[in-house]
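Commentary on secondary and tertiary structure
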Amino acid sequence: NKSVTANFAITYNLTWDASPADGGYVDVSPMGPYGEGVPVTVEAIANNGYVFTGWGSDASGTANPTTVYMDSNKSVIAYFELETPPETITMPYAPTGPASVEKGISASFSSGGATSSIGHPVQYQFFWGDGTDSGWGGPSASHTWTSTGAYSVMVQARCQNDQSIMSGISEGLAVAVTEPQLPTYTLTVNYDIAMGSVNHPPSAEYTSGSEITLTANPMEGFVFTGWSGDVSGSTNPLTVSNITSAR
């Protein structure tokens, strides 16, 4: 005598979907139906231009892939959103400012035109061509060169919110740094030609700090008695030194 028993086990189904439908799809392994407690791996695959943001329905979190254990009929939803392009900073304009400056004299330069692709504020940094820079700040800056020569002033921009995001470096502005030009002053020499003359250099214009010699020459029958105006005394010849104003 024999007997047989037919045994049955419940099975479950898993359904899946993507939101939005254009965002991507879900890869499932293994395929169902499934017995009690079977682990199922689900992986969200984003289409071009989208990113996976998380699971919904009977799955949660952002782990990808993730595992669903089958103890009932279940469903999962993979959520996607449009991918945001990385932020970029456009290159600023070439600096504007004087093309020639004197050594030791501060000169001002300006730029602008740099923008963030997502609207963040930007900062600027000027490179002076002598191994120094302005530091980060607004679109204008000043600099004083300590050596003569030819320099190229350039500028770069960066995002103020994320300071690792920078633009390229602008075209340069050529700047010639020269020795300072000393001011010139006029020396006026007065005398009565009927009584004598004064020997002095032919130029009437002298640079600051110049030194010149004046010699009074009395005519026959006259004697030199002294100087007046911006000098005094009767020294003859007279050295006028350190001319720093018109005399």
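Computed from a prediction, not measured in an experiment: that's the story for all the values here.

Re the packing of aromatic side chains
What the rule picks out here adds up to eight aromatic pairs. Consider the rings of Phe126 and Trp128, whose centres lie 5.6 Å apart with planes at 10°: the pair is stacked. Classification of Phe126 by relative accessible area gives buried; the value is 1%. The exposure class of Trp128 is buried, given its relative accessible area of 1%. When the ring of Trp128 is compared with that of Trp145, the centres are 6.1 Å apart and the planes differ by 85°; the resulting orientation is edge-to-face. On the criterion of sequence distance, the pair formed by Trp128 in the loop between strand 9 (122-127) and strand 10 (140-143) and Trp145 in the loop between strand 10 and strand 11 (149-159) is long-range, its members being 17 residues apart. Across the pair, Trp145 and Trp128 agree in class, each one buried.

Remarks on the environment of Tyr34
Positionally, Tyr34 belongs in the loop between strand 2 (24-29) and strand 3 (38-46). By relative accessible area, Tyr34 is classed as buried at 3%. Among all residues touching Tyr34, those that are not within four sequence positions of it are Ile10, Thr11, Tyr12, Leu14, Val28, Val40 and Met70. Within the structure, the side chain of Tyr34 is placed 2.9 Å from the backbone nitrogen of Gly32, a separation counted as a polar contact.

So, unusual backbone geometry
Look at the link from Ser29 to Pro30: it is a cis peptide, with omega at -5°. One non-glycine residue with positive phi stands out, namely Ser57, at about 70°. Within the secondary structure layout, Ser57 lies in strand 4 (residues 50-57).

Some remarks on the side chain of Gln123
The residue Gln123 is located in strand 9 in this model. In this structure the side chain of Gln123 is engaged in a polar contact, spanning 2.8 Å, whose partner is the side chain of Arg158. The residues touching Gln123, leaving out its near neighbours within four places in the chain, are Trp136, Gly137, Gln156, Ala157, Arg158, Gln160 and Gln163.

Quick word on the sheet that holds strand 3
If you trace the three strands from one edge of the open sheet to the other, you get 2-3-5, paired in antiparallel fashion. Bordering the open sheet on either side are strand 2 and strand 5 (66-70), each of which pairs with just one other strand. Looking at each pair of strands side by side, their axes are set apart by 30° on average, direction ignored. Relative to strand 3, strand 2 is paired through six bridges, and the arrangement is antiparallel. Across the sheet, residue Val28 finds its bridge partner in strand 3, namely Val42.

With respect to the pairing of strand 3
Across five bridges, strand 3 lies against strand 5 in antiparallel orientation. Paired with Pro39 across the bridge in strand 5 is Tyr69.

Side note on the nonpolar core
If you look at the biggest cluster of nonpolar residues, it comprises 20 residues, and the most contacted ones within it are Phe109, Phe126, Trp145, Val153 and Val175. Looking at this core, the elements that each hand over two or more residues are strand 8 (107-110), strand 9, strand 11 and strand 12 (173-178). Per element, the largest residue contribution to this core is five residues, and it comes from strand 11. If you look at the next biggest cluster of nonpolar residues, it comprises 17 residues, including Tyr34, Ala44, Phe52 and Trp55.

A word on the layout of surface pockets
Looking at the largest pocket, its volume works out to about 550 Å³. Those elements giving two or more residues to the lining of the largest pocket turn out to be strand 14 (196-199) and strand 16 (210-218). A class-by-class count of the residues in the lining of the largest pocket yields 14 nonpolar, nine polar and three charged.

Rules and cut-offs
Residues numbered from 1 in each chain as written. Predicted model: local features only at pLDDT ≥ 70, side-chain atom pairs only at ≥ 80, totals over all residues. Heavy atoms only, no water. Phe/Tyr/Trp six-rings, centres within 6.5 Å; stacked < 30°, edge-to-face > 60°. Buried < 20%, exposed > 50% of the residue type's maximum accessible area, 1.4 Å probe, protein only. Helix = DSSP H or I, 4+ residues; strand = E, 2+ residues; numbered from the N terminus. Contact = heavy atoms within 4.5 Å. Polar contact = N/O pair within 3.5 Å; in protein donor to acceptor, adjacent residues only side chain to side chain. Pairing = 2+ DSSP bridges. Axes fitted to C-alpha atoms, helices over the stretch in contact; angles between N-to-C directions. Core = buried A, V, L, I, M, F, W, Y, C linked by side-chain atoms within 4.5 Å. 1 Å grid on protein atoms, 1.4 Å probe; cavity = no way out; pocket = protein on both sides within 12 Å on 5 of 7 lines; lining within 4 Å. Points joined across faces, edges and corners; volume = space filled by probe spheres on them. Nonpolar A, V, L, I, M, F, W, Y, C, P; charged D, E, K, R; others polar.

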